[in-house]
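Architecture at a glance
So you can see what is in the structure, the chains are spelled out below.
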Amino acid sequence: MTFTVDIHHHMLPDFFWQATNEADDPVGGIAPPPWSLTGALDFLDEAGIDVAVTSISTPGVHTGDDAAAGTLARRCNELAATQIREHPERFAAFAALPLPDVDGALAELEYALDELHLDGVVLFSNARGTYLGDRRFDPLFDELQRRAAVVFIHPNASPDPAAHALGLPDSLIDFTADTTRAVAHMHYSNTFARTPDVKYVISHAGGTVPYLAGRFGIVDAMDVIPGGADRTSAADTFRRLYWDTALSWTDPVLRHLRSVVGIDHVVFGTDYPYLRHDMAVDCRRQIEHSEELTDTERSAVLSGTALKLIPRLADLRSAASSRT
């Protein structure tokens, strides 16, 4: 089987879940089964996945108190580092940062990457209602650019109460919409343009971004949003970002991604443990047997592109090949 990296794989320890979610009203509207390290390893084995790049999930670590958010981020990141030390052949990790506390985020970024040696960071589409293109976050993005970091962008619930008034889980519609808001804001605020060396991975095939690519092109051509001279077109921006297949692995979606962003910028993700177990196990098989992909493209989606984003994982592929 093709060496496989799951770049969208959540770590949900009890202390994180209890601090950030209500049992009867989980963020997103769908509660996953209880998480454990043993369960995660069993899933990887059953699904034929070699390495999981872990990250916390919505709503992030900040629920209103900067100090508590910093403490929770540190605890999550140290657990991620421990898992990597204990199972170096199975895990990598994106660090949690306590946004919207920028100073706290900068301090945790330094610790997580320089001391714990984690592999990048996870940011959420909005941090307590502030979107990632906001100029208040410029110091953080300046540092991410200096480090040429890998940044995994995950959706969060919209701060607009109207977005939650339909009685539907946020994970059905609003998560994809909030991802789109974040990408649009980062593009038109020129955040992407100012950070050309950051490697951004966008969750869930970019939400609705690929479908709306034509509308982005029209807005670009009309030149109605200030700052156009200082950024590339949306089409060019989309082709330098990376897009995961979590909940987005079917042939029509892959076909759309091919036309908008290029298959060479698509990476595999499962959204474990949120997706029902049998579906999460099966999504890798669907990529493996997709008629939309050539064998070379399939290998790139399942791991080749991820290894370019996180080069140290190439050693794990070599070790796996040796064992085989």
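Presented here is a report on the structure given in the accompanying data block. (Residues numbered from 1 in each chain as written. Predicted model: local features only at pLDDT ≥ 70, side-chain atom pairs only at ≥ 80, totals over all residues. Heavy atoms only, no water.)

Quick word on the overall build of the protein chain
Just so we agree on the cut-off: In this description a helix means any DSSP run of H or I spanning at least four residues, a strand means any run of E spanning at least two, and both kinds are numbered starting from the N terminus. Both definitions apply: the radius of gyration is a C-alpha atom measure, and the globule rule equals 2.2 Å times residues to the power 0.38. The cut-offs for exposure are 20% and 50% of the maximum accessible area for each residue type, with area from a 1.4 Å probe on protein chains only; residues under the lower value are buried, those over the upper are exposed, and the others partly exposed. To measure how exposed things are, a 1.4 Å probe is used in the Shrake-Rupley method; for residues, cover is taken only from the protein chains shown. All tallies of charge rest on Lys and Arg as positive and Asp and Glu as negative; His and the ends of each chain are not included. Taken as the charge location is NZ of Lys, CZ of Arg, CG of Asp or CD of Glu.
Helix and strand counts for the protein chain come out as 13 helices and 11 strands. Compactness check: the protein chain gives a C-alpha radius of gyration of 18 Å against a globular reference of 20 Å for 324 residues, within 12% of the reference. In terms of principal-axis extent, the alpha carbons of the protein chain reach across some 55 × 45 × 45 Å. Evaluated residue by residue, the protein chain yields a buried proportion of 54% over its 324 residues. Total accessible area computed for the protein chain in this model is approximately 13800 Å², and 52% of it derives from carbon and sulfur atoms. Mean positive and mean negative side-chain charge positions of the protein chain (26 and 46 charges, respectively) differ by 5 Å.

Concerning a nonpolar patch on the surface
The line we're drawing: What goes into a patch is any residue over 30% in relative accessible area without a salt bridge, connected to like charges within 9 Å or, for nonpolar side chains (Val, Leu, Ile, Met, Phe, Trp, Tyr), within 5 Å. Between Lys or Arg on one side and Asp or Glu on the other, a salt bridge is scored when a side-chain nitrogen of the former is within 4 Å of a carboxyl oxygen of the latter.
On the surface, Leu 166, Leu 168, Leu 172 and Ile 173 cluster together to form a nonpolar patch covering roughly 400 Å² of accessible area. Residue placement: Ile 173 occurs in the loop between β8 (150-154) and α6 (174-188). On the basis of relative accessibility, which here comes to 45%, the residue Ile 173 falls in the partly exposed class.

Observations regarding the pattern of salt bridges
Taken as a whole and assessed by the stated rule, the structure comprises 18 salt bridges. Residue Asp 45 is joined to Arg 90 by a salt bridge in which the shortest nitrogen-to-oxygen separation is 2.9 Å. One end of the pair, Asp 45, is in helix α2 (residues 37-47); the other, Arg 90, is in the loop between α3 (66-86) and β3 (91-93), and 45 residues separate them in sequence. On the basis of relative accessible area, Arg 90 is assigned to the buried category, the value being 15%. A salt bridge links Asp 278 to Arg 276; the nearest nitrogen and oxygen atoms lie 2.6 Å apart. The exposure class assigned to Asp 278 is partly exposed, which follows from its relative accessible area of 41%. Overlapping salt bridges, with partners in common, bring together Asp 114, Glu 143, Arg 146 and Arg 147 in one network.

Observations regarding the side chain of His 8
Put simply, the rule reads: Pairing of N or O atoms within 3.5 Å defines a polar contact, subject to two protein rules: one partner must be a possible hydrogen donor and the other a possible acceptor, and residues neighboring in sequence count only if both atoms are side-chain atoms. Residue contacts are defined here by distance: any two heavy atoms, one from each residue, within 4.5 Å place the two residues in contact.
Structurally, the position occupied by His 8 is in strand β1 (residues 5-10). For His 8, the side chain forms a polar contact with the side chain of Asp 244, separated by 2.8 Å. Each residue touching His 8, except ones within four places of it in the same chain, is listed here: Phe 152, His 154, Ser 203, His 204, Asp 244, Ala 246, Phe 268, Gly 269, Thr 270, Asp 271 and Tyr 272.

Some thoughts on the packing of helix α4 (residues 102-115) against helix α5 (residues 138-147)
Describing two packed helices takes the angle between their axes plus the distance from one axis to the other. Counted only if it meets this: Orientation is described by lines fitted to C-alpha atoms, with helices fitted over the stretch in contact, and by angles between N-to-C directions that extend from 0 to 180 degrees. Oblique is the label for any angle not covered by the other classes, which are roughly parallel (under 35 degrees), roughly antiparallel (over 145) and roughly perpendicular (65 to 115). Two helices cross in a left-handed way if the nearer one is turned anticlockwise from the farther one by less than a right angle. They cross in a right-handed way if the turn is clockwise. Side-chain classes are defined by residue name, with Ala, Val, Leu, Ile, Met, Phe, Trp, Tyr, Cys and Pro counting as nonpolar, Asp, Glu, Lys and Arg as charged, and the others, Gly among them, as polar.
Interaxial distance between α4 and α5 falls to 9 Å at its minimum, and their mutual angle equals 20 degrees. Classified by the angle between their axes, α4 and α5 sit roughly parallel to one another. The interaxial crossing formed by α4 with α5 has right-handed handedness. On α5, the residues touching Val 102, Ala 105, Leu 106, Leu 109, Glu 110, Leu 113 and Asp 114 of α4 are Pro 139, Leu 140, Glu 143, Leu 144 and Arg 147. Looking at side-chain class alone, the contact of α4 with α5 contains 8 nonpolar, no polar and 4 charged residues.

Brief notes about α3
Each α-helix turn comprises 3.6 residues. Residues three or four places apart therefore point the same way. We count it as follows: A helix is expected to reach a length of 1.5 Å times the quantity of its residues less one.
For α3, which comprises 21 residues, the first-to-last C-alpha distance of 30 Å matches the rise-based estimate of 30 Å (1.5 Å per residue) to within 8%. Turning to α3, its buried residues number three or more, namely Ala 69, Leu 72, Ala 73, Cys 76, Asn 77, Ala 80, Ala 81, Gln 83 and Ile 84. Where α3 is buried, its residues contact α1 (14-20), α2, β2 (51-55), β3, β4 (95-96) and α4. With a side-chain oxygen lying 3.1 Å from the backbone nitrogen of Ala 67, the N-terminal cap of α3 falls on Asp 65.

Describing the pairing of strand β5 (residues 121-124)
Looking along a regular strand, one sees the side chains alternate between the two faces of the sheet. Which entries qualify depends on this criterion: Orient the strands so they point away from the viewer, and a crossover whose first-strand-to-second-strand path over the helix runs clockwise is right-handed. Should DSSP find at least two bridges between two strands, the strands are taken to pair.
Along β5, one buried face is formed by Val 121 and Leu 123 and the opposite face, lined by Val 122 and Phe 124, is buried too. Chirality of the crossover, the property in question, places the unit of β4, α4 and β5 among those that are right-handed. Of the strand pairs in this sheet, β5 and β8 are connected by 4 bridges, and their pairing is parallel. Along β8, the bridge assignment pairs Val 121 with Val 151.

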